[in-house]
Amino acid sequence: MGVAVTSGSDHRLIYMNYAYRKIAGEPRLGLPIREAFRDLRPEEYFAQLDRVLETGEAVSLEKLPFELGERDPSGRERFASVGISKLSLGDGEAGLLIMTMDVTDQVETARVIESVSEERRRFLHRYQSLVRLETQAVWVSDPLGKANEPSHGWERYTGQSWEECRGHGWLNAVHPDDREPALAKWLKALEQLSLWDHVYRLKASDGTYRHVRARGVPIVEGGQVVEWVGTIADVEQEWQQERRRKLLERAAAVTADLADLDEVLRALAEVIVPAVADGCAIYLLPEMEDESLGSPFFGERVASTVGEDGAGDCRCVPSGSSRTATSPR
């Protein structure tokens, strides 16, 4: 802490300690402070000295920018915190006690921290904006995997209220057939502290089920999981596209070495069941000269496949001679 004492209304310097000299240079004792620091900027500093001496009220100036002598070629700005109070020097003469601390490093550090904080705030804002673009909901759960914070995105997408969603209530919005595998994978992620990445069907607010991709990661502090955070993204369109791609690839694979049309059609029927239908029948219709024909006609069944109840397999139905009466549209 730099300490200086002045005397009289012209504020003559009568004392300075070593720390004050390091901050202010080597002004000569006995000179009025305005003359000793004639190159001090800003000059408003001197008005504060006059005011304290006149009123007797102490002032404290925090992080006051100042310059002494020539400007720093690097452009570095200096700052000081200054306290000024009136004192009696004896023989009825009054003076000032000036206590000064160079706080340039602290101010620069604070600016860096503020800059970093602003950068982090801006980064977080960008991240949140991106999350809103690509996901329908952001969720938070406790270390045990129970939803513990309301998610407005989840409420908008599913129509579930916070009371319905909290804890494990979110599972009630998952398709019944997907509920058990979704929970099993979620519990495994909780146990292994691993990324949760799972696609399941979720009931939307309009009552339809759509495929969503749920992702979650643990937040670890001090070696302990404090919470889980994650997102829900609607992937129905991507799921349908992937499903069609796999179906076409399988159809191409099973018909690649077949030359007979009946065999090709039969193979295609088996591909369609159970991927997109519970049953599939292919009929060969007779050539009709008059498309407006109103009477029934017969079509020959070329291939027929139905799925087994409760199973993903399918079985072929004999075909070839079956004739079915069909009415024209």
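Above this text you will find the structure in question.
Residues numbered from 1 in each chain as written. Predicted model: local features only at pLDDT ≥ 70, side-chain atom pairs only at ≥ 80, totals over all residues. Heavy atoms only, no water.

Caption draft 1: Just the overall build of the protein chain, in detail. Per the secondary structure count, the protein chain includes nine helices and 13 strands. Partitioning the intrachain contacts of the protein chain with sequence separation of at least 6 by distance along the chain shows that 45% fall at a separation of at least 24. Within the structure as shown, the protein chain displays about 21,100 Å² of accessible surface, and the carbon and sulfur contribution to it stands at 51%. (Helix = DSSP H or I, 4+ residues; strand = E, 2+ residues; numbered from the N terminus. Contact = heavy atoms within 4.5 Å. Areas by Shrake-Rupley, 256 points an atom, 1.4 Å probe, with all protein chains shown as cover.)

Caption draft 2: Focus on the sheet that holds strand 7 (residues 196-203). Strand order in the open sheet formed by four strands is 6-9-8-7, with antiparallel pairing between adjacent strands. The sheet terminates laterally at strand 6 (137-141) and strand 7, the two strands that pair on one side only. Averaged over all pairs of adjacent strands, the angle between their axes in this sheet comes to 30 degrees, without regard to strand direction. Across eight bridges, strand 7 lies against strand 8 (residues 209-221) in antiparallel orientation. Bridge pairing in strand 8 links Val 199 to Arg 213. Where helix 7 (residues 176-192) meets the sheet, its contacts fall on strand 6, strand 7, strand 8 and strand 9 (224-234), and the angle it forms with strand 7 comes to roughly 155 degrees. Its contacts with the sheet put helix 8 (residues 236-255) on strand 8 and strand 9, and the angle it makes with strand 8 is roughly 115 degrees. (Pairing = 2+ DSSP bridges. Axes fitted to C-alpha atoms, helices over the stretch in contact; angles between N-to-C directions.)

Caption draft 3: How the structure looks around a negative patch on the surface. On the surface, Asp 260, Asp 262, Glu 263 and Glu 300 cluster together into a patch of negative charge. Within the secondary structure layout, Asp 262 lies in helix 9 (residues 261-275). The partly exposed category is assigned to Asp 262, whose relative accessible area is 37%. (Patch = residues over 30% accessible without salt bridge, like charges linked within 9 Å, V, L, I, M, F, W, Y side chains within 5 Å. Salt bridge = Lys/Arg side-chain N within 4 Å of Asp/Glu carboxyl O. Lys, Arg positive; Asp, Glu negative; His and termini not counted. Charge placed at Lys NZ, Arg CZ, Asp CG, Glu CD. Buried < 20%, exposed > 50% of the residue type's maximum accessible area, 1.4 Å probe, protein only.)

Caption draft 4: Up close: the packing of helix 8 against helix 9. At a closest axis distance of 9 Å, the pairing of helix 8 and helix 9 adopts a crossing angle of 150 degrees. Between helix 8 and helix 9, the crossing angle belongs to the class labelled roughly antiparallel. As helix 8 runs across helix 9, the sense of the crossing is right-handed. Two secondary-structure elements touch here, helix 8 through Arg 243, Leu 247, Arg 250, Ala 251, Val 254 and Thr 255 and helix 9 through Val 264, Ala 267, Leu 268, Glu 270, Val 271 and Ala 275. Across the contact of helix 8 with helix 9, the residue classes break down as eight nonpolar, one polar and three charged. (Parallel < 35°, antiparallel > 145°, perpendicular 65-115°, else oblique. Left-handed = near helix turned anticlockwise from the far one by under 90°. Nonpolar A, V, L, I, M, F, W, Y, C, P; charged D, E, K, R; others polar.)

Caption draft 5: The sheet that holds strand 4 (residues 78-90), seen in detail. Taken together, the five strands give an open sheet; going across it, the order is 2-1-5-4-3, and neighbouring strands pair in antiparallel fashion. The sheet terminates laterally at strand 2 (12-16) and strand 3 (59-66), the two strands that pair on one side only. Strand-to-strand twist of the sheet, defined as the mean angle between neighbouring strand axes without regard to direction, takes the value 30 degrees. Both strand 3 and strand 4 contribute to a ladder of six bridges, which runs antiparallel. The residue bridging Ser 60 from the neighbouring strand is Gly 83, located in strand 4. Sheet strands touched by helix 3 (residues 44-55): strand 3, strand 4 and strand 5 (93-102). Its angle to strand 4, the strand with the most contacts, is close to 30 degrees.

Caption draft 6: Quick peek at helix 8. Taking 1.5 Å of rise per residue, 20 residues should cover 28 Å, and helix 8 covers 29 Å from first to last C-alpha, within 8% of that figure. Listed in full, the buried residues belonging to helix 8 are Glu 236, Ala 251 and Thr 255. For helix 8, the angular spread of buried residues about the axis comes to 55 degrees, placing them on one side. (Expected span 1.5 Å × (residues − 1). Arc of directions from axis to C-beta.)

Caption draft 7: Fine view of a nonpolar patch on the surface. Side chains of Met 1, Met 99 and Met 101 sit close together on the surface and give an oily, nonpolar patch of about 270 Å² of accessible area. Along the chain, Met 1 falls in the segment before strand 1 (2-7).

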